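# Fold and contact review
In case you want the letters, here they are:
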Amino acid sequence: MDILQYTAVELAECIRHRKIGTVEALEAVWQRIDAEEAKWNCYITVEREKALKRAATLQRRIEAGEQIGPFAGVPFAVKDNLCTKGIRTTCGSRMLEQFVPTYSAAAVERLEAAGAVIIGKTNMDEFAMGSTTETSYFGVTHNPCDPACVPGGSSGGSAAAVAAGECFAALGTDTGGSVRQPASHCGVVGLKPTYGTVSRYGLVSYASSMDQIGPLGRDVRDCAAILDVIAGRDDRDATSVDRGEQTGFKAALRQDVEGMRIGVPADYFTEGLQPGVRKAVQDAAEVFRANGAVVEYFDLGLTQYVVPAYYTIAAAEASSNLERFDGIKYGYRAQDIGTLHALYQKTRSEGFGAEVKRRILLGTFVLSTGYYDAYYLKAQRVRTRIRRAFDEAFANYDVLLGPVAPTTAPRLGESLSDPLQMYLQDIYTISANLTGMPAISVPCGTDEKGLPVGLQLMGDRLAEGTLLRAAYTYEQAVKTERERNVSDKERG
Amino acid sequence: MANVYETVIGLEVHVELATQTKIFCGCSTAFGGAPNTHTCPVCTGMPGTLPVLNRQVVEHAIAVGLATNCSIAAHCRFDRKNYFYPDNPQNYQISQLYQPICRDGYVEIDVQTPEGDRRDAAETDNRKRVRIHEIHMEEDAGKLIHDGESGRSLVDYNRAGVPLIEIVSEPDMRSAEEVIAYLEKLRTTIQYLGASDCKLQEGSMRADVNLSVREVGVQTLGTRTEMKNLNSFHAIRNAIAGERERQIRLLEAGEQVVQETRRWDDAKGVSYSMRSKEDAQDYRYFPEPDLAPLHIDDTWIAQIRARQPELREARMERYQRTYALPMYDIRLLTDSKQLSDLFEETVACGAQPKKVSNWLMGEALRLLRERDMDPEEICFTPEHLAALIGLVEQKEITNTVAKEVFAVMFTQGVDPRRYVEENGLKTLQDADALRRVAAQVLADNPQSVADYRNGKEKAISFLVGQTMKAMKGQADPLKVREILQSML
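Every chain's residues receive numbers from 1 upward, in the order its sequence appears when written. Chain labels run from A onward and ligand labels from 1 onward, assigned in the order the entries are written. A pLDDT threshold of at least 70 governs which residues receive local features in this predicted model, and a stricter bar of 80 or more applies before side-chain atom pairs are shown or counted, although totals over entire chains, interfaces and linings include all residues. In computing side-chain properties, one takes all heavy atoms of the structure into account and sets aside hydrogens as well as water.

Counting its secondary structure elements, chain B contains 15 helices and 17 strands. Computation of the radius of gyration draws on C-alpha atoms alone. For the globule rule, the value is 2.2 Å times the number of residues to the power 0.38. Against the globule reference of 23 Å for 488 residues, chain B gives a C-alpha radius of gyration of 29 Å, more extended than a compact globule. The C-alpha extent of chain B, read off along each of the three principal axes, is 90 × 65 × 55 Å. Whether a residue is buried, partly exposed or exposed follows from its accessible area with a 1.4 Å probe, protein chains only, as a fraction of its type maximum: under 20%, in between, or over 50%, in that order. Considering chain B as a whole, with its 488 residues, one finds that 52% of them fall into the buried category. Only carbon and sulfur atoms are counted for the fraction: they give 48% of the accessible area of chain B, which is about 23100 Å². Charged residues are defined here as Lys and Arg on the positive side and Asp and Glu on the negative side; His and the ends of the chain fall outside this count. By convention, charge coordinates are those of NZ in Lys, CZ in Arg, CG in Asp, or CD in Glu. In chain B, the 60 positive side-chain charges and the 74 negative ones have mean positions that sit 4 Å from each other. Strands are runs of DSSP state E lasting at least 2 residues, helices are runs of H or I lasting at least 4, and numbering of each runs from the N terminus. Areas reported as accessible are Shrake-Rupley estimates using a 1.4 Å probe. Residue values count occlusion only from the protein chains shown.

With that out of the way, let us pick up the interface of chain A and chain B. Residue contacts follow a heavy-atom distance rule, with two residues in contact if any of their heavy atoms lie within 4.5 Å. Each partner contributes to the interface: chain A provides 40 residues, whereas chain B provides 31 residues. Around 2800 Å² of area is buried between chain A and chain B when both sides are counted, 57% of it from carbon and sulfur atoms. What makes a salt bridge here is a side-chain nitrogen of Lys or Arg within 4 Å of a carboxyl oxygen of Asp or Glu, nothing more. Our count for the chain A to chain B interface comes out at two salt bridges. Notably, a salt bridge pairs D290 of chain B with R200 of chain A, separated by 3.0 Å at the nearest N-O pair. Under this definition, polar contacts are N or O atom pairs within 3.5 Å; protein pairs additionally need one hydrogen-donor-capable and one acceptor-capable atom, and for neighbouring residues in sequence, both atoms have to be side-chain atoms. One can count 18 residue pairs in polar contact (both at pLDDT 80 or more) joining chain A with chain B. Listing elements by their share of the side of chain A that touches chain B, those giving two or more residues are α9 (303–321), α10 (340–351), α11 (354–367) and α12 (372–396) of chain A. Simply put, the buried area is the total loss of 1.4 Å probe accessible area from both parts when two parts are fitted together.

All names here are of chain A. In this description, a line fitted to the C-alpha atoms serves as the axis of each element, helices being fitted only across the stretch in contact, and the angle between N-to-C directions of two axes falls anywhere from 0 to 180 degrees. At a minimum axis separation of 6 Å, α11 and α12 run at an interaxial angle of 105°. Looking at the two axes, α11 sits roughly perpendicular to α12. Residues F365, V366 and L367 of α11 form the contact with α12, whose own contacting residues are Y372, Y375 and Y376. Under this grouping Gly is polar, as are all residues other than the nonpolar Ala, Val, Leu, Ile, Met, Phe, Trp, Tyr, Cys and Pro and the charged Asp, Glu, Lys and Arg. For the contact of α11 with α12, a count of residues per class yields six nonpolar, no polar and no charged. To sort the angles, those under 35 degrees are grouped as roughly parallel, those over 145 as roughly antiparallel, those from 65 to 115 as roughly perpendicular, and the leftovers as oblique.

Okay, the sheet that holds strand β5 (residues 92–95) of chain B next. Residue and element names in this part refer to chain B. Two strands pair under a simple rule: DSSP has to find at least two bridges between them. Pairing is antiparallel in the open sheet, where three strands are placed in the order β5-β4-β16. The sheet is open, and its two edges are formed by β5 and β16 (286–287), each paired on a single side. The pairing of strand β4 (residues 79–82) with β5 spans four bridges and is classified as antiparallel. Bridging across to β5, N82 finds its partner in Y92.

Glancing now at the pattern of salt bridges. With the rule as written, the count across this model stands at 61 salt bridges over all chains. Salt-bridge contacts for R358 of chain A lead to E355 of chain A; the nearest nitrogen and oxygen are separated by 2.8 Å. You can see R358 of chain A and its partner E355 of chain A sitting in helix α11, three residues apart, about one turn around the helix. The exposure class assigned to R358 of chain A is partly exposed, which follows from its relative accessible area of 36%. E355 of chain A sits in the buried class, given a relative accessible area of 4%. Of the charged contacts, one joins D79 of chain B and R77 of chain B as a salt bridge, the two residues approaching to 3.9 Å between their closest N and O atoms. Beyond isolated ion pairs, a larger network of salt bridges with shared partners links E310, R315, R318, K337, D341 and E344 of chain B.

Attention now moves to the pairing of strand β3 (residues 117–122) of chain A. Residue and element names in this part refer to chain A. In terms of burial, β3 is a largely internal element, six of the six residues being buried. Pairing analysis gives three bridges linking strand β1 (residues 43–46) to β3, with the strands arranged antiparallel. Looking at β3, one finds that V46 is bridged to G120. As defined by bridge partners, strand β2 (residues 75–79) adjoins β3 across five bridges and the pair is classed as parallel.

Moving on: the layout of surface pockets. All names here are of chain B. Of the two site types, the cavity is a set of points on a 1 Å grid over the protein atoms alone where a 1.4 Å probe fits but cannot get out, and the pocket is an open set with protein on both sides within 12 Å along at least five of seven lines, each lined by residues with an atom within 4 Å of a point. Grid points are joined across faces, edges and corners, and a volume is the space filled by probe spheres set on the points. When its volume is computed, the second largest pocket comes out at roughly 1500 Å³. Around the second largest pocket, the lining is made up of 43 residues, and of these E184, R187, T188, R312 and D335 lie nearest the centre. The element contributing the most residues to the lining of the second largest pocket is helix α2 (residues 176–193), with eight residues. Here the residues of the lining of the second largest pocket are counted per class, giving 15 nonpolar, eight polar and 20 charged. Two domains each put at least three residues into the lining of the second largest pocket: domain 1 (5–299) and domain 2 (310–422). Residue ranges labeled as domains rest on an automatic or database domain assignment.

Any two rings among Phe, Tyr and Trp, with Trp reduced to its six-membered ring, count as a pair given centres within 6.5 Å; such a pair is stacked if its planes are under 30 degrees apart, edge-to-face if over 60, and tilted if neither. Applying the stated rule across the entire model yields 31 aromatic pairs over all chains. For the ring pair F406 of chain B and F410 of chain B, a centre distance of 6.2 Å and an interplane angle of 40° mean the geometry is tilted. Within this pair, F406 of chain B and its partner F410 of chain B are both found in helix α10 (residues 399–412), separated by four residues, close to a single helical turn. Among the aromatic residues, those joined into a cluster by ring pairs are F99, F127, F325, Y330 and F352 of chain A.

A separate point is the packing of helix α5 (residues 312–323) of chain B against helix α6 (residues 327–335) of chain B. Residues and elements named next belong to chain B. Packing of α5 against α6 leaves a shortest axis separation of 10 Å and a crossing angle of 140°. Classified by the angle between their axes, α5 and α6 sit oblique to one another. The chirality of how α5 crosses α6 is right-handed. Packed against α5, whose contacting residues are R312, R315, M316, Y319 and Q320, the element α6 presents M327, I330, R331, T334 and D335 at the interface. Two helices that cross are described as forming a left-handed crossing if the nearer one is turned anticlockwise from the farther one by less than a right angle, and a right-handed crossing if clockwise.

All names here are of chain A. Strand order across the open sheet formed by eleven strands is β1-β3-β2-β4-β6-β5-β10-β11-β9-β7-β8, with mixed pairing between neighbours. The open sheet is flanked by β1 and β8 (294–298), the only strands paired with a single partner. Looking at each pair of strands side by side, their axes are set apart by 30° on average, direction ignored. The sheet contact formed by strand β4 (residues 169–174) and strand β6 (residues 212–217) spans five bridges and is antiparallel. Among the inter-strand pairings, A170 is bridged to a residue of β6, identified as L216. Packing of helix α2 (residues 22–40) onto the sheet brings it into contact with β1, β2 and β3, and relative to β3 it is tilted by some 20°. Strands in contact with helix α7 (residues 220–230) are β2, β4, β5 (189–192), β6 and β10 (439–446); relative to β6, the strand with the most contacts, it is inclined by about 145°.

This brings us to a nonpolar patch on the surface. Without a salt bridge and with relative accessible area above 30%, a residue can belong to a patch; like charges are then joined within 9 Å and nonpolar side chains (Val, Leu, Ile, Met, Phe, Trp, Tyr) within 5 Å. Taken together, the side chains of F365, Y371 and Y375 of chain A define a hydrophobic patch exposed on the protein surface, amounting to about 270 Å² of accessible area. Here Y375 of chain A shows up in helix α12.

Residue and element names in this part refer to chain A. In terms of residue burial, strand β9 (residues 399–403) counts as a mostly covered element, since five of its five residues are buried. By the bridge criterion, two bridges tie strand β7 (residues 261–265) to β9 in an arrangement that is parallel. Bridged to I262 within β9 is V399. Pairing geometry for β9 and strand β11 (residues 452–459), over five bridges, is antiparallel.

Okay, α10 of chain A next. Residue and element names in this part refer to chain A. A rise of 1.5 Å per residue sets the reference length of α10, with its twelve residues, at 16 Å; its end C-alpha atoms lie 16 Å apart and thus fit the reference within 8%. Listed as buried for α10 are L343, Y344, T347, R348 and G351. Here the buried residues of α10 occupy an arc of 105° about the axis, which is enough to place them on one side. On its buried side, α10 packs onto α11. To estimate how far a helix should extend, the number of its residues minus one is multiplied by 1.5 Å. Read the arc as the range of directions from the helix axis to the C-beta atoms.

Here we come to the nonpolar core. For the purposes of this section, nonpolar cores are sets of buried Ala, Val, Leu, Ile, Met, Phe, Trp, Tyr and Cys residues that join through side-chain atoms within 4.5 Å. In terms of nonpolar packing, the biggest core is built from 158 residues, with F71, I119, F127, I230, F288, I440 and L457 of chain A touching the most fellow members. Take this core: its biggest share by element is eight residues, from α7 of chain A. Contacts of I440 of chain A, omitting those with residues within four sequence positions, involve R180, V189, G190, L191, V220, L455, Q456, L457, L467, L468 and A471 of chain A. Ranked by size, the runner-up nonpolar core spans 66 residues in total, among them I72, V130, L193 and I240 of chain B.

Turning our eyes to something else, we now look at α5 of chain B. Helical geometry note: an α-helix holds 3.6 residues per turn, so side chains three or four residues apart project in the same direction. Residue and element names in this part refer to chain B. Compared with the 16 Å implied by 1.5 Å per residue over twelve residues, the 15 Å span of α5 between its first and last C-alpha is a close match. When α5 is considered as a whole, its buried residues turn out to be R312, R315, M316, R318, Y319 and Y323. Down the axis of α5, the buried set is contained in an arc of 165°. They therefore lie on one face. The elements touched by buried residues of α5 are α2, α6, α7 (337–348) and α8 (353–371).

On to the environment of K199 of chain B. Residue and element names in this part refer to chain B. Following the sequence through the fold, K199 ends up in the loop between α2 and β12 (205–215). Separated by 184 residues in the primary sequence, K199 and V15 place their C-alpha atoms 8.9 Å from one another. Those residues in contact with K199, other than ones at most four positions away along the chain, are S204, M205, D374 and E376.

Where interface size is quoted, it is often the accessible area lost as the parts come together. Entries for chain B in the domain assignment read domain 1 (5–299), domain 2 (310–422) and domain 3 (431–487). Of note, the centres of domain 1 of chain B and domain 3 of chain B, computed from C-alpha atoms alone, are 64 Å apart.

Here it is, written out as structure tokens:
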């Protein structure tokens, strides 16, 4: 069968048993990239030589009988805001067009230690600010499900690459839904772990208190297996959590939701939700019910405050995090400048795109003297209230269920003209970032136009085990054609 | 009719903490490396890097807080201070604004004759309390080097991320003397704690002076200015006098003092306006999201308290009790922890305390001053100083020789016994040889001999001196006098 039909875990299995060679797997991906990349523009940088060298080395080690790691020889894509030693890391920005880090992100190190072959850096909204991958300095990425549509964002390149078969799995980052929403729009699985589960070291910060790295894959098992690899306490990130025994997410996958209490926030099914999305998500809830879960609709509350609180805090943190890009030390520097002030002004005016500038201005404003209390502090208080509302919900439910986004993938060019409308699209995903809880997007059918719809499941903080079990059970219950074929053949 | 003004002063003192590594990364804090050699992706603000707090910094800050009677916050956190400048790699400094680690402390200073009004600060006899508003932790910035020839500016990030504490006093000081007494107090306390070497000249202790004036009797504070670039006690004293005068001149002329930051030029003896309150930047402080809030429990504080070394005041009392030294000696010795440690170690080697004190306060301090050295640069060991004192006591060498030997010990750290031996410096005990030299001196100085015989007792001193000179100091002057007397 076509190598590209395998999930990452399946491919790793084949490579381990020497049914497929690492170079062979890599070449299958190259062929797909050669044939289709021009159509999708998933990647900012493709690293053929390095990847080939590494794949060949891994193959020799596998043949020598070495135990390498769970993803030995599996081609992975990495979002371009995760630093990769010796490979340029642009964050989708002109500001870092030529920036080559001397260090790798902790998550990248861990992935490589598990044997992964990093084949390239994926396109993204500039500095992860956007929901469409259209704010990238390196052009838009097209949705492999419909080239006239955006792939979502900000990890749109990673989601599209997985969907298009231009890699087996990818890393993305999720500050307000940036893993889950593109996964939803491209029909793949995307997981945002509990804040602190994956070290942020080497992730170029957007909003430090909400940024979290997560996997995008073909199925829940891939995401769980990748999380097993990238999760772990890291001394280089003071916000990283030591979860001790709480790993082994892949091993926790069981098809069993018997008696599981699933809460569905009724607030999520009000106006603005596309009918096709509503139907797909409500059908998914019924699947849980049919499999023995207790499904209840309830009032979560505070939903209308989520977007303003998020954009206030995220912009505040971003305005400070992006101060380091000044043309002095690295990155873009404007030419023909006379004074230090002009150097800053011109460099940042030319180096950043419109959406980044909008958020820097917004963040600068909300932190300014006289506005700090009214905006930033108030948003933090709202954040505490939202967290409390979710804590109460998780006192009653094991998992919360809802849509990932109010609509399926918008058409190219539709979103950026009205930023406020674009921000409102994040309404369902943002809470997981404000509260730190884990959430996953799993495909749950298509809308009227045949575009993929994502089901969002949210778990309590540190409860990925339960969350993944719910997602896995659902996925198994509604297994898509492709997956059935692959696993049937594999077992057969 | 001239009004009488009093000066109101509060200080912001930055102290560089004596840690091996920087506050948020593992880079060395050592002074003087080649530019950008003590740097890493974290302290140069590379994308994706994160700060991790150095525990030692917190412990030093707590130790200083305890020694200055502060309450230690059970919860504190860091904040970002945002401003663009190339010496600041992230363009924000990680500091503490909203929840500093220490608050509401005080130190007591000895004050001279009271001057002006002191109702603000509690005071007993000639002791005065200077209240400490807060102590917070923060990171230092890098250094800009302006190359005049090429017109370029270069940045050295070796200092970026070096840990600092800022000690903010209340406006409790009324004179330069009080300011210096306060700074001396902080300096010795922090040095005794081992939290910093506190060298003003090298910048490991820096003071910004907030100063206002008001007519005596007025309760409200006047408009203050902040003065920077004060890197010696001398500069601080001059700057205070200069700024006081400037403000009084303004007020007397019916003008107003503008709240601003001023830079003191000590060479010219004038200050310049750096920026006014209107130009002041909006630092947009907000809680540092990359660092978790810091919880300091009582156990941790108790551990640090238990480890707290003896501070200067306690040591002074102990010296009075144990060594019966004059207060003058005790003050001088304990002014430097190094010197007083050396004193105690030498006494522990068996030397008599007052003799040790005399050597340290006399010859040692004289040589230090002469060479512009600090006590920590002393290279002789307590054993050697004790041995030297022993040699004098046992009359093996004379005082003159001992000073000569001490000077060599001071620079080269030699063993005095061996040095005396190898250079033949022992006091000559051979009476016959002494008599021969004395006879020669008497023969060479008939006038003095005659004077003595005519009743001029003093003439013998000259003859003793001449004999000692001929003996190259290697004789006991009492014995020489005795022999001369017997021969005359």
